Amino acid sequence: MTARYACVNVTAFPLQALLRLRPQLQGKPVAVLDGEPPFEQVCSLNSPAMKLGISPGMTKLEMEMFPTALVLPRSRAEEATAHAALLECAGAFSPRVEDLSSDVCFTCMIDIAGTETLFGSPDALGEKLMKRTQALGIHASIAISSNFHAARCLARGLSQRAGIRVVPRGMECAALAPLPLDLLDLSPEHAETFSMWGITTLGALAKLEETELIARLGPAGKELRLLARGESPHLFTAIESGLTLEERIDLDSPLELLDSLLFVMGVMLDQLIVRAQTRILALASITLSLDLEGGTSHICTVRPAVPNTDRKLWLKLMHLELQAHPPQAAILSLTLQAQPGATSKVQLGLFSPQVPEPMRLDVTLARIRSIVGEGCAGQAVLKDTHQPDAFRVEPFVVPASHAMERKPQTQRVAMRQLRPPEVVTVAVRDRQPDSFVFREKRYTVEHAYGPWASGGDWWKPTLWSIEQWDLVARAHDASWLCCCLTRDLTRDPTDDHWQVEALYD
């Protein structure tokens, strides 16, 4: 199989990492300052800033001469998330990716040999790769060649104008000929030597005699000539990159308004959705981490019933969560970390009843929780204990299709639970109920079943604290009543006050 490489090169990476989450600044002159105060210098800038006369290395004081230019501090955290997103994008085209990035430039090489059946020709792959990087808010230059170093030099040669360059096999030397010599990252000694010789392009270097070049520069001369001709070999060193759906932004100024925070989160959420969709995944949960003034933080997690990529739904859920639990100080930075989930759909049976959409249910439950409080909205699940009425509230989940199949009905006695239980006065004979008054009627017990002792957890002293009877009683007007009576054994045993817990039909 013939080798084939694609190079993705992103210049002014510190600036592009900031602008991808600030689309309102696109097209405006922007410069990025790096360094410790008061020695900050411009490390990255865009074309509009260059047209104003700004150049790399300018100090913060010199930048005051350009009042129309926007100045942003460098954010290593945002660069790390953008770097991970680009490597993740490259990994979608091939499992073999090598990272060659520098401090101010992102560069990665992709081994695309044998990917024609998946992505088509090299030109088609380049177009798809360009669209993926643009969807991340990054402008990159892409070069494809059968030589590793040739692809890298060609991509760096396109750095001033984002585009795609595909070189046919065997044409690497001709394609590299017009490129400047500084693309080879020459040492100061070699750069001075070539300048004295009048060598300024790769083509001029490639035409030099190999033996003469080795005689003057040693083995390094042979390697530089092979690089200029696009013939230098390379041992590919692939990296292992996983899927980490995380976006972070350091705010330019402290933020207090919730609406402004939602606007920033909307841009970050768009990036998370794009990255998940490229892997045919959805977002199962999102954890929002806020760094606040004073060194404190605020963390909350939103987890809907079904993984999805609905932007409006996620924004609404996060809005309701922040309304219910607002941050206690101004926000300095925020991080969105998502957990991926499968994009499965719930398919109901042909004769199944119509149910609300899970996404609408999530918003409704979030609104209810903001009113009644956390832990008070969901489905009741019985606890593994003998304690009466012991249950916990869990979030609603959408069952799988096989779990929604109808199960055979079992015969159960109809029962109506009384909440709260009604207190009655009971006459006891031979240690069992004999008669009682319930709802202004006096009943005589005809049949009594019990007692059944119950209680709470075994490690507590009130192990058997409740006595329960099932009674069949008849009133004077010949009406019948089937009920469940209980009394608390921890009270005075002579106490005749019982409770009617339930009525049986």
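All of these numbers come straight from a predicted model, not from anything done at the bench.

Conventions used here
- Per chain, residue numbering runs from 1 following the sequence as it is written.
- Given that the model is predicted, a residue must reach a pLDDT of at least 70 before its local features are reported, and side-chain atom pairs must reach 80 or more before they are shown or counted; all residues, however, enter totals for whole chains, interfaces and linings.
- Computation of side-chain values covers all heavy atoms of the structure but excludes hydrogens and water.
- Aromatic pairs are defined between Phe, Tyr and Trp rings, using the six-membered ring for Trp, whenever the two ring centres lie within 6.5 Å; interplanar angles under 30 degrees are classed as stacked, those over 60 as edge-to-face, and all others as tilted.
- Only protein atoms enter the 1 Å grid used here, on which a cavity is any set of points holding a 1.4 Å probe that cannot leave and a pocket is any open set flanked by protein within 12 Å on both sides along at least five of seven lines; residues with an atom within 4 Å of a point are listed as lining.
- Grid points are joined across faces, edges and corners, and a volume is the space filled by probe spheres set on the points.
- Each helix is a run of DSSP H or I of at least 4 residues and each strand a run of E of at least 2, with the numbering of both proceeding from the N terminus.
- Each residue gets one label: Ala, Val, Leu, Ile, Met, Phe, Trp, Tyr, Cys and Pro are nonpolar, Asp, Glu, Lys and Arg are charged, and the others, such as Gly, are polar.
- The disulfide criterion used throughout: a pair of cysteine sulfur atoms within 2.5 Å.
- The cut-offs for exposure are 20% and 50% of the maximum accessible area for each residue type, with area from a 1.4 Å probe on protein chains only; residues under the lower value are buried, those over the upper are exposed, and the others partly exposed.
- A pair of strands is labelled paired if DSSP reports no fewer than 2 bridges between them.
- To obtain each axis, a line is fitted to C-alpha atoms, and for helices this fit is confined to the stretch in contact; angles are then taken between N-to-C directions over 0 to 180 degrees.
- When describing relative orientation, an angle under 35 degrees is termed roughly parallel and one over 145 degrees roughly antiparallel, while 65 to 115 degrees is termed roughly perpendicular and anything else oblique.
- Throughout, a crossing is termed right-handed when the near helix is turned clockwise from the far one, and left-handed when it is turned anticlockwise from it by less than a right angle.
- Residue contacts are defined here by distance: any two heavy atoms, one from each residue, within 4.5 Å place the two residues in contact.

(A) Up close: the packing of aromatic side chains. Under the counting rule described, the total for this entry stands at seven aromatic pairs. Cluster of aromatic residues (ring-pair linked, three or more members): Tyr-5, Phe-148 and Phe-236.

(B) Empty space enclosed by the protein, seen in detail. The full count for this structure, using the stated rule, is three cavities of 30 Å³ or more. Looking at the largest cavity, its volume works out to about 60 Å³. At the level of elements, helix H4 (76–91) and helix H13 (258–278) are the ones that each hand at least two residues to the lining of the largest cavity. Looking at the lining of the largest cavity residue by residue, the classes come out as four nonpolar, one polar and three charged.

(C) Region of the structure containing the state of the cysteines. Going through the model one piece at a time under the given rule, you end up with zero disulfides. Cysteine Cys-105 remains unbridged, with the sulfur of Cys-7 as its closest cysteine sulfur at 8.5 Å. Here Cys-105 falls in the buried class, since its relative accessible area comes to 15%.

(D) Here's a closer look at the sheet that holds strand S4 (residues 70–73). The mixed open sheet is built from three strands, whose spatial order is S3-S2-S4. Strands at the two margins of the open sheet, each flanked by one partner only, are strand S3 (41–45) and S4. Neighbour-to-neighbour, the strand axes of the sheet open up by a mean angle of 40 degrees, direction not taken into account. Here strand S2 (residues 30–34) pairs with S3 via four bridges, running antiparallel. Opposite Ala-31, over in S3, you have Leu-45 as the bridge partner.

(E) Inspection of the packing of H13 against helix H14 (residues 311–324) at higher detail. Remark: H13 packs on H14, axes separated minimally by 10 Å, with the N-to-C direction vectors making an angle of 140 degrees. When the axes of H13 and H14 are compared, the pair comes out oblique. Seen along the crossing, H13 lies across H14 with a hand that is right-handed. Contacts from Leu-258, Leu-261, Leu-262, Met-265, Gly-266, Val-267, Leu-269, Asp-270 and Ile-273 of H13 reach H14 at Arg-311, Trp-314, Leu-315, Met-318, His-319, Leu-322 and Gln-323. When the residues that make up the contact of H13 with H14 are grouped by side-chain class, the tally is eleven nonpolar, three polar and two charged.

(F) A look at the sheet that holds strand S16 (residues 432–438). Spatially, S15-S16-S17-S18-S19-S20 is the arrangement adopted by the six strands of the closed barrel, whose pairing is antiparallel. Strand-to-strand, the axes of this sheet are offset by a mean angle of 40 degrees, without reference to chain direction. Here S16 runs beside strand S17 (residues 441–454); their pairing, made up of four bridges, is antiparallel. Looking across to S17, one finds that Phe-438 is bridged to Lys-441.

(G) Broad picture of the packing of helix H11 (residues 210–217) against helix H12 (residues 219–229). Relative to each other, H11 and H12 sit at 135 degrees, their axes nearing to 6 Å. In terms of orientation, H11 and H12 fall into the oblique class. In this structure, H11 contributes Glu-210, Leu-213, Ile-214 and Leu-217 to the contact, and H12 contributes Pro-219, Ala-220, Gly-221, Lys-222 and Arg-225.

(H) Up close: unusual backbone geometry. That bond from Pro-37 to Pro-38 is cis: its omega, 0 degrees, falls within 30 degrees of zero. Tracing the chain through its elements places Pro-38 in the loop between S2 and S3. Of note, the bond from Arg-419 into Pro-420 is cis; its omega dihedral lies within 30 degrees of zero at 0 degrees. A positive phi angle, near 55 degrees, is found at Ile-280, a position not held by glycine. Structurally, Ile-280 can be placed in the loop between H13 and strand S10 (282–292). Since its relative accessible area comes to 67%, Ile-280 is described here as exposed. The phi dihedral of Arg-439 falls on the positive side, at around 55 degrees, and the residue is not glycine. A residue is classified by how much of its surface remains accessible, and Arg-439, at 46% relative accessible area, is partly exposed.

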